Amino acid sequence: MASQQNPESTSNLAQIGVTGLAVMGSNLARNLARHGYTVALHNRSIAKTDALLENHGDEGTFIRTESMADFVAALERPRRALIMVKAGDATDSVIEELADLMEPGDVIIDGGNSLYTDTIRREAAMSKRGLNFVGTGISGGEEGALNGPSIMPGGPAEAYESLGPLLESISAHVDGTPCCTHIGPNGSGHFVKMVHNGIEYADMQLIGEAYDLMRKALTMSTDEIADVFRQWNSGDLESYLVEITAEVLAQKDAETGKPLIDVIVDEAGQKGTGRWTVKSALDLGIPTTGIAEAVFARALSSSRDQRTAARDLASGKLAGAPTDRDRFVADINAALYASKVVAYAQGFDQIRAGSAEYDWNVDPGALATIWRGGCIIRAKFLNRIVDAYRDDPDLPSLLLAPYFREAVSAGLDSWRRVVATASTMGIPVPAFASSLSYYDGLRAERLPAALTQGLRDFFGAHTYKRVDKPGSFHTLWGEQTRTEVEV
Ligand SMILES: NC(=O)C1=CN([C@@H]2O[C@H](COP(=O)(O)OP(=O)(O)OC[C@H]3O[C@@H](n4cnc5c(N)ncnc54)[C@H](OP(=O)(O)O)[C@@H]3O)[C@@H](O)[C@H]2O)C=CC1
Ligand SMILES: O=C(CO)[C@H](O)[C@H](O)COP(=O)(O)O
């Protein structure tokens, strides 16, 4: 174990250790060291540890360790170890290794994208061994990890009392407020990070549809579209993802000189958090349609063989392009904003339902507050979400908050024009269209679900409720006399 001394440190030990020094772990370790913490470093293979020390060892005080035993021995008590390795089995094996070396009162922090049910299981197991287990969502990618991410820690409140100030100090800050707060017990931090990623999927899909419409319906060049996103980023749509969309579109391929976007294969990858969000939404019975469409759109994009075989499917008679380009671009802007509100509204619905299911007591306003900076879905309009939950913590849907009600209503005609135009031109807009259908479904006085109930009762005697009296009923369908039976 070799160490570089921190002049401010009172011992030779580290206030925190990071194990797993790939993109996220190495940048978080640097962030911690830059904030004056002595950081013990560990990685399964020593190369990453040495690369970090060689390239950034002068940024603070690090303690280099090779074995897990050395790593744990390098930590001040109560020990605090942050795990930043691949989610799943790798995380389980690192937790076991650490737990075997740690003592009651020590803290294990899992900052990876772990499935929240794994976190619930791990927290219970560590708690039995007297260890504090903090499953925390961390968002911001490489740049956020280094300069200030959004941090969503779950786990015991006592653990947060001692760990919170450290995490808050390295998080992003907006208007002086840290983008880190205790989310709730056990799996809550990873649950909200999972939904954060689901919203990220929806947001990116919506941005992709906006780009596709400008490209295909308006035949705009990539540079022109990049300019539009740049302009949008100084309006209501101001957000990290819109900002980097302009940069991605403006990038030229070094080899061919073409826009890089045209050289990238159109098959979207996914590591699982979006899919988990949708599975959880199905279990909770929450219609997160925007997120689901985004996950399915990635799946469709990656179905290369099917897409190739289907290339000559009929399109039917397609409509021509909109004649007023500026107006249609403005329509797309409004459709993007409204659909984005739907994605966040659905995500917050899922968080409320998850919180109720697991008794987490997640505060949606506090969550919106820490998503204002550092994370991938940071956006100007999160301030409006904070306001909405401050004014009414029990808001039934974000779409009902006065600000969003008005904003969506103002863009509604544009939203409908975009979906209609896309449909008649044969351009797929699954997220725009499903968000609009969700909105219309939500506000509908009556839905065709009555027919679903009738059919269910017809074939399976599943019963239905009546509009005019309480109780459950089954009909002897087709009989002329006494057709209803109260159940
Ligand atoms: N990349 C991102 O933008 C974000 C990632 N995350 C999450 O943070 C975590 C780290 O992400 P990232 O930095 O991208 O790194 P990766 O997810 O690519 O994981 C690589 C790291 O995991 C270690 N590792 C893999 N398997 C094992 C194992 N069996 N035992 C011990 N260590 C193992 C690797 O060690 P070795 O070098 O020896 O192979 C390496 O340090 C992940 O859970 C990820 O989902 C969260 C937010 C954003
Ligand atoms: O957590 C993240 C961002 O918030 C990670 O970058 C994650 O990998 C993104 O998900 P996917 O790879 O499935 O697009």
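By convention here, each chain's residues receive numbers from 1 onward along its written sequence. Key to labels: chains lettered from A, ligands numbered from 1, both in the order written. Restriction of local features to residues with pLDDT of at least 70 applies here, the model being predicted, together with a cutoff of 80 or more for giving and counting side-chain atom pairs; totals for whole chains, interfaces and linings are based on all residues. Hydrogens and waters are ignored; side-chain quantities use all the structure's heavy atoms.

Colleague: Can you help me understand the site of ligand 1 in this one?
Modeller: The nearness test applies per residue and asks whether one of its heavy atoms lies within 4 Å of the molecule or strand. Around ligand 1, a shell composed of 20 residues is seen, among which Met24, Asn43, Arg44, Ser45 and Lys48 lie nearest. Each polar contact in these results corresponds to two N or O atoms within 3.5 Å; when the atoms are within protein, one needs to be able to donate a hydrogen and the other to accept it, and residues that are neighboring in sequence are counted only if both atoms are side-chain atoms. Interatomic distance of 2.8 Å between a side-chain N/O atom of Ser45 and an oxygen atom of ligand 1. If you list the elements that add at least two residues to the shell around ligand 1, you get helix H1 (23-34) and helix H4 (89-101). Strands are runs of DSSP state E lasting at least 2 residues, helices are runs of H or I lasting at least 4, and numbering of each runs from the N terminus.

Colleague: Help me understand the layout of surface pockets in this model?
Modeller: In this approach, a probe sized like a water molecule rolls over the atoms, and the result shows the empty space that is left. The volume enclosed by the largest pocket comes to roughly 1900 Å³. Every definition here rests on a 1 Å grid over the protein atoms only: cavities are sets of points where a 1.4 Å probe fits but cannot get out, pockets are open sets enclosed by protein on both sides within 12 Å along at least five of seven lines, and lining residues have some atom within 4 Å of a point. Lining the largest pocket are 42 residues, with Gly208, Tyr211, Asp212, Asp266 and Ser301 sitting closest to its centre. Looking at the lining of the largest pocket, the elements that each hand over two or more residues are helix H8 (188-216), helix H10 (240-250), helix H12 (289-301) and helix H13 (304-309). For the lining of the largest pocket, the leading source of residues is H8, giving 10 residues. Grid points are joined across faces, edges and corners, and a volume is the space filled by probe spheres set on the points.

Colleague: Explain the confidence of the model for the protein to me, please; I cannot follow it from the model alone.
Modeller: When pLDDT is low, close inspection of the predicted coordinates is not appropriate. Per-residue confidence for the protein gives a mean pLDDT of 96, with 97% of residues at or over 70. Long-range and interchain partners of residues 1-8, a stretch whose pLDDT sits below 50, account for 21 contacts in this model, where long-range means more than four residues apart. Interface confidence in the predicted complex, given as ipTM, is 0.98; pTM for the same model is 0.96. You can read pLDDT as the predictor saying how much it trusts each residue, on a scale of 0 to 100. The criterion used for residue contact is that any of the two residues' heavy atoms lie within 4.5 Å.

Colleague: Please clarify how a positive patch on the surface should be interpreted in this entry.
Modeller: The grouping of Arg44, Lys48, Lys86 and Lys271 at the surface amounts to a positive patch. With respect to the helices, strands and loops of the structure, Lys86 is situated in the loop between strand E5 (80-83) and H4. Summary of the burial criterion: residues with accessible area below 20% of their type's maximum are buried, those above 50% are exposed, and those between are partly exposed, where the area comes from a 1.4 Å probe applied to protein chains only. Here Lys86 falls in the exposed class, since its relative accessible area comes to 68%. Put simply, a patch holds well-exposed residues, over 30% relative accessible area, that have no salt bridge, with like charges counted together within 9 Å and Val, Leu, Ile, Met, Phe, Trp or Tyr side chains within 5 Å. Every accessible area reported is derived by Shrake-Rupley at a probe size of 1.4 Å, with residue values counting cover from the shown protein chains alone. The rule for a salt bridge is simple: a side-chain nitrogen of Lys or Arg has to be within 4 Å of a carboxyl oxygen of Asp or Glu. Two residue types count as positive, namely Lys and Arg, and two as negative, namely Asp and Glu; His and chain ends fall outside the count. For this purpose, a charge sits on NZ of Lys, CZ of Arg, CG of Asp or CD of Glu.

Colleague: Can you help me understand the site of ligand 2 in this one?
Modeller: Contacts to ligand 2 come from Asn113, Ser139, Lys193, His196, Asn197, Glu200, Tyr201, Gln270, Lys271, Arg298 and Ile376. Residue Asn113 places a side-chain N or O atom 2.9 Å away from an oxygen atom belonging to ligand 2. In the model, an oxygen atom of ligand 2 is placed 2.7 Å from a nitrogen or oxygen of the Lys193 side chain. Notes on ligand 2: free accessible area 370 Å², of which the protein chains cover 75%. Criterion for pocket placement: a molecule counts as inside a cavity or pocket if more than half of its atoms are within 2 Å of its grid points. Applying the majority rule of atoms within 2 Å of the grid points places ligand 2 in the second largest pocket. Across the shell around ligand 2, the residue classes break down as 2 nonpolar, 5 polar and 4 charged. Classes in brief: Ala, Val, Leu, Ile, Met, Phe, Trp, Tyr, Cys and Pro nonpolar; Asp, Glu, Lys and Arg charged; the others, Gly included, polar.

Colleague: Teacher, can you tell me more about the pairing of strand E7 (residues 132-139) here?
Modeller: The side chains of a regular strand alternate between the sheet's two faces. Counting buried positions along E7 gives 8 out of 8 residues, so the element sits mostly inside the fold. The pairing of strand E6 (residues 107-110) with E7 spans 4 bridges and is classified as parallel. Pairing of Ile109 across the sheet is with Val134, part of E7. Crossover E6 to E7 through helix H5 (residues 116-128) is right-handed. The pairing criterion for strands is at least two bridges between them, as found by DSSP. The handedness rule is simple: strands pointing away from the viewer, and a clockwise path from the first strand over the helix to the second, make the crossover right-handed.

Colleague: Looking at this model, I keep getting lost on the side chain of Asp203. Mind explaining?
Modeller: In this fold, Asp203 is placed in helix H8. Looking at Asp203, the relative accessible area reads 2%, which means it is buried.

Colleague: How do you make sense of helix H14 (residues 325-358) when you look at a structure like this?
Modeller: Since the α-helix advances by 3.6 residues per turn, residues separated by three or four positions end up pointing in the same direction. Here the expected length of a helix is defined as 1.5 Å per residue gap, with one fewer gap than residues. The end-to-end C-alpha distance of H14 is 49 Å, a good match for the 50 Å that 34 residues give at a rise of 1.5 Å each. With a side-chain oxygen lying 3.3 Å from the backbone nitrogen of Asp326, the N-terminal cap of H14 falls on Asp324.

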